[in-house]
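Architecture and fold: a report
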Amino acid sequence: MVKHVNTLILGAGAAGLMCAAHAGPDTLVVDHAKAPGEKIRISGGGRCNFTNIYAGPENFLSENKHFAKSALSRYTQWDFIDLVDRHKIAWHEKTLGQLFCDQSAKDIIAMLLAEMQPAQLWLQTEIGEITHEGSQFRVGLTREGKVISVTARNLVLATGGKSIPKMGATGLAYRIAEQFGHRVTDTRPALVPLTFDGPAKQQFAALSGTSVPARVACNGTSFEEGMLFTHRGLSGPSILQISSYWREGESLSLHLRPDLDLLDALRTRRQTGGAKAVTTVLAEILPKALVQHLAEAVPMQGNLADQSDAALTALTEKLTAWQVTPTSSEGYRTAEVTLGGIATDGLSSKTMESNHVPGLYAIGEAVDVTGWLGGYNFQWAWSSAVAAGHAIRAS
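Below: a short report on this structure.

About the cut-offs
- Residues numbered from 1 in each chain as written.
- Predicted model: local features only at pLDDT ≥ 70, side-chain atom pairs only at ≥ 80, totals over all residues.
- Heavy atoms only, no water.
- Helix = DSSP H or I, 4+ residues; strand = E, 2+ residues; numbered from the N terminus.
- Contact = heavy atoms within 4.5 Å.
- Areas by Shrake-Rupley, 256 points an atom, 1.4 Å probe, with all protein chains shown as cover.
- Lys, Arg positive; Asp, Glu negative; His and termini not counted.
- Charge placed at Lys NZ, Arg CZ, Asp CG, Glu CD.
- Buried < 20%, exposed > 50% of the residue type's maximum accessible area, 1.4 Å probe, protein only.
- Pairing = 2+ DSSP bridges.
- Axes fitted to C-alpha atoms, helices over the stretch in contact; angles between N-to-C directions.
- Phe/Tyr/Trp six-rings, centres within 6.5 Å; stacked < 30°, edge-to-face > 60°.
- Expected span 1.5 Å × (residues − 1).
- Polar contact = N/O pair within 3.5 Å; in protein donor to acceptor, adjacent residues only side chain to side chain.

Our focus in this paragraph is the overall build of the protein chain. For the protein chain, the count of helices and strands is 13 helices and 21 strands. Based on the C-alpha atoms only, the size of the protein chain along its principal axes is roughly 85 × 45 × 40 Å. Restricting to contacts in the protein chain with at least 6 residues of sequence separation, those with at least 24 account for 72%. About 16,800 Å² of surface is accessible on the protein chain, with carbon and sulfur atoms providing 50% of the total. Charged side chains in the protein chain number 35 positive and 37 negative. The centres of these two groups are separated by 3 Å.

Below you can see the structure in the form of structure tokens.
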């Protein structure tokens, strides 16, 4: 069986569905999954952090820090919010500009499926050999036990990265891009918890479930959000954010309670409650379990009234510049996104089309553009998809 379409989109995730909504009616989207938009469905605790009101090029990592500017400026967070509003999906803002559905992430999936009509969607479809001759791509697909050869003038790579393999992530887009002469940058798990070995792992395991506000810094970048101790190491928003900048062997600097001047707080308490033990007072500021852990390595003996300014300064310096060295990360198993991907030097920043092969496009997570935690990666999916869709429709 042979089927011809104008545009074949590989991947029914956020970018693929959004692209189908803009690429024109003669479009086919294929995916091996049983349902579309599975990463949308599980995101944001089931409510989908669908964008961020502060989204801009500075919130993204790439070999080319300027590449994302064009797509992000031509389809902004406000454009997507307008789309959500038109579909009467109620939403709310959480911290740091993060926008979530009031009800369910499934509302976003339903919206995208409605927007992409009358494009076709084939699920539980396996992708086989891909060739290109003249102005046509030919893709072998297996669906419902039948082998179907699909020809298309445009082929869009929207299969994402390697993150969360249990949902089917394979890095397929990278292999296809390389087949057509594109370079793929080094890839690694991003927005992922960090892990420790040896004594540090045992110590942190004892603190599992303990959270504290922290400013986490590495390689000249820092993030100030919650930090969570786990049975394997560290997680929480600040850790997930910094994981995109951290590399094996490097240390993190942890500033506990950056919202509070710890030295000033201890001095004040010395005047009003100096008879209390240092650990008791600190446990009013930091989680008790964490204070007990730190007391094994940081001098905290005696009452607060007995501590000189120099001693309190030394103590707070330990709490605001705590150095830890993770061993690794939890890997693609729990990584929210993949850092790196199809190199941007082979793509048009305006259209997402290949500079090597006319009609070949790459969008979303498959491309070497990785956003911060907080809705930025979804915004890149929307923006890059619209850029490609508009270019296809205009061609």
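The subject of this paragraph is the pairing of strand β1 (residues 2-10). Taking burial as the measure, the 9 residues of β1 include 7 buried ones, the bulk of the element. Pairing geometry for β1 and strand β10 (residues 146-157), over 8 bridges, is parallel. The residue bridging Val-2 from the neighbouring strand is Ser-149, located in β10.

Moving on, we come to the sheet that holds strand β3 (residues 49-52). Ordered by their spatial adjacency, 3 strands build an open sheet running β3-β6-β5, and the pairing between neighbours is antiparallel. Because the sheet does not close on itself, it has two edges, and the strands there are β3 and β5 (91-93). Here the average twist between neighbouring strands, direction ignored, is 30°. The pairing of β3 with strand β6 (residues 98-101) spans 3 bridges and is antiparallel.

Quick look at the environment of Gln-292 now. Along the polypeptide, Gln-292 turns up in helix α11 (residues 288-294). In this structure the C-alpha to C-alpha distance between Gln-292 and Thr-280, which are 12 residues apart in sequence, comes to 9.7 Å.

So, about the pairing of β6. Burial along β6 is two-sided: the residues Gln-98 and Phe-100 and Leu-99 and Cys-101 are all buried. Inspection of the sheet shows β5 paired to β6 by 3 bridges, in the antiparallel sense. The residue of β6 that forms the bridge with Glu-93 is Leu-99. With antiparallel pairing between neighbouring strands as the criterion, β5 and β6 make up a hairpin whose turn holds 4 residues, including Leu-96 at a positive phi of roughly 55°.

Take the packing of aromatic side chains next. Counted by the stated rule, this structure contains 13 aromatic pairs. A centroid spacing of 6.4 Å and a plane angle of 35° characterise the contact between Phe-229 and Trp-322, whose relative ring orientation is tilted. Note that Phe-229 is positioned in strand β14 (residues 221-229) and Trp-322 in strand β17 (residues 322-324), a separation of 93 residues in sequence. Trp-322 matches Phe-229 in its accessibility class, with the two residues each being buried. Site record: aromatic cluster; members linked through ring pairs are Phe-60, Phe-223, Tyr-245, Trp-372 and Tyr-376.

Moving on: helix α13 (residues 376-394). Between the first and last C-alpha of α13 there are 27 Å, a value that for 19 residues agrees with the 27 Å anticipated at 1.5 Å per step. For α13, the tally of buried residues reaches 16 of 19 residues, placing the bulk of the element in the interior.

Moving on, we get to the sheet that holds β17. Across the sheet, 7 strands lie side by side as β17-β16-β13-β14-β15-β12-β18; this open sheet has antiparallel pairing. At either end of the open sheet lies a strand with only one pairing partner, and these are β17 and β18 (328-329). Where strand β16 (residues 252-256) lies against β17, 3 bridges are found, and the strand directions are antiparallel. Counterpart to Leu-254 in the pairing with β17 is Trp-322.

Now for the environment of Gly-97. Secondary-structure assignment places Gly-97 in the loop between β5 and β6. Between the alpha carbons of Gly-97 and Ala-55 there is a distance of 8.6 Å; along the sequence they are 42 residues apart. Discounting chain neighbours no more than four positions away, the residues touching Gly-97 are Thr-51, Asn-52, Ile-53 and Tyr-54.

Moving on, we come to the side chain of His-182. Topologically, His-182 is positioned in the loop between α6 (172-179) and β11 (188-190). On the basis of relative accessibility, which here comes to 5%, the residue His-182 falls in the buried class. Among the polar contacts made by the side chain of His-182, one reaches the side chain of Ser-354 at a distance of 2.7 Å. When near neighbours in sequence (up to four residues on either side) are disregarded, His-182 contacts Ala-177, Ile-342, Gly-346, Leu-347, Ser-354, Asn-355, His-356 and Leu-360.

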